[in-house]
Amino acid sequence: MAAQLLLMVPALGSFLFTFGTGVELIRFASLRAVLPGGGRPEATSHVEWGAALRDPRVLRPLAVDLGLVALFVLQHSLMATALVKRWTTSCFGVLQRSFYVFCTALALQLLMRYWQPVRHGPLLWNACTEPWDTWVPLICFILHFIAWLVIFSVILIFDYAELMGVKQVYYHCLGMGDPLALKSVRAVRLYSHLRHPVYLEFLLVLWAVPCLALDRLLLAGLFTTYLSCGHSLDQQDFLYLRAQLDKKFLVFSREEAAYGDLLARNGPAPGKES
C-alpha cells in the first residue's frame, strides 16, 4: 500500500506543473496581447506585405514560431494515439495520463518560453490608436476574462482530477480500477469525440485581440485549424450534453428548494441575522 501511495507524488507533481503552466498560458495568450505593458505589438509605420515577406527579421521569427507550434501539435496528437498510449502504459502504468499531461505542459512551456514576436511586420488590424485605444482593449480584456472563466468552469465540470491523471492513481491505490471504466457508454463516446471541450472559448482568446501581428496570426490560425480537426461532435453527443446539463440544473434547483424549506422551518442562521 505504501508503494502505491508513492505513485501520488509524481501524479501531484505533474498536476502542479500543469496548473502553473495554465497560469502562464493566461499571461501568454491574454495579458500579453491585451494589456499595453504586457508585450502588445505597438503601432508601426506602414509596411508593404511584399517587403515584409522577404524580410529576414520577419521570416526568422515566423519559422521559429512555426516549429514551436508543430512541436506542440505533434506531441499532443501522437501521444494520444492508441499505439503510443499502449507503449506509455506499458512503461508508466497508471501514471500514463499524468505523463501525457506533463509532456503537454512541457511542450506549452517551450512554446511560451521561446516564442518570437514579429516586431517589424505589418499589423492585420490595429485598434490601439485614437479613438479606439481605450475601449477596444477593455472590451477584449472583458471577453478574455469571461472566456477563461468558462474554460475553468468546464474543466471543473469535466472532472479535472481525471483530466490531470490524479484520479487514475487514486483509484489504483484504492483498488477500484480505471475511473473511465465506470462511466457510461455515452460518456465514453462523448470523450472520444470531444478532444477539446472549450473549443469556442479558446478561439475567442486567440482572435479577440486589439492588435493582430503576424506571429499572433500564425498562432491563432494554426491552433484554430488544429482545434477544428479534433472537434467532431454529432447529434447524439449534443443530446447527451443537453441531458447532463438539465440533470445538473435539476439537482441544483432541488438543493435550493430544500435549503429554502429549511430556512422557512428554522429561520436563518444566527450569524446571518441583521
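One can find the structure itself at the top, above this paragraph.
What you see as residue numbers is a count from 1 along each chain, following the sequence as written. Confidence filtering applies because this is a predicted model: local features only for residues at pLDDT of at least 70, side-chain atom pairs given and counted only at 80 or more, and all residues used for totals across whole chains, interfaces and linings. The side-chain values count all of the structure's non-hydrogen atoms but skip hydrogen atoms and water molecules.

Below, the discussion takes up the pattern of salt bridges. Salt bridges are identified by distance alone: a Lys or Arg side-chain nitrogen within 4 Å of an Asp or Glu carboxyl oxygen. According to the stated counting rule, one finds 2 salt bridges in the structure shown. Two residues, R27 and E24, come together in a salt bridge whose shortest N-O distance is 2.7 Å. With R27 and E24 both in helix α2 (residues 8-34), this residue pair falls 3 residues apart, about one helical turn. D55 is the salt-bridge partner of R57, the closest N and O atoms lying 3.1 Å from each other. Under the scheme applied here, a residue whose accessible area is under 20% of the maximum for its type counts as buried, over 50% as exposed, and between as partly exposed, the area being computed with a 1.4 Å probe on protein chains only. What makes D55 buried here is its relative accessible area of 15%. Secondary structure elements follow DSSP: runs of H or I no shorter than four residues count as helices, runs of E no shorter than two count as strands, and numbering proceeds from the N terminus.

Time to look at α2. In an α-helix there are 3.6 residues to a turn, and that puts residues three or four apart on one side. In this scheme, a helix's expected span is set at 1.5 Å multiplied by one less than its residue total. The end-to-end C-alpha separation of α2 is 38 Å, in line with the 39 Å expected for 27 residues at 1.5 Å each. Looking only at α2, the buried set comprises M8, A11, S14, T18, T21, L25, F28, A29, S30, R32, A33 and V34.

Before going further, it helps to examine the nonpolar core. Counting residues in each nonpolar core, the largest one holds 25 residues, and the members touching the most others are L25, F28, L111, W115, L219 and F223. Mapped by element, the contributors of at least two residues to this core are α2, α4 (56-78), α6 (96-114), α7 (135-157), α11 (199-207) and α12 (214-229). Note on contacts: a residue pair is in contact if any heavy atoms of the two residues lie within 4.5 Å. What L219 contacts, discounting residues up to four positions off in sequence, is F28, V69, L111, W115 and L206. Remark: nonpolar core denotes a set of buried residues (Ala, Val, Leu, Ile, Met, Phe, Trp, Tyr, Cys) joined through side-chain atoms within 4.5 Å.

On their own, these measurements won't tell you what the molecule is for.
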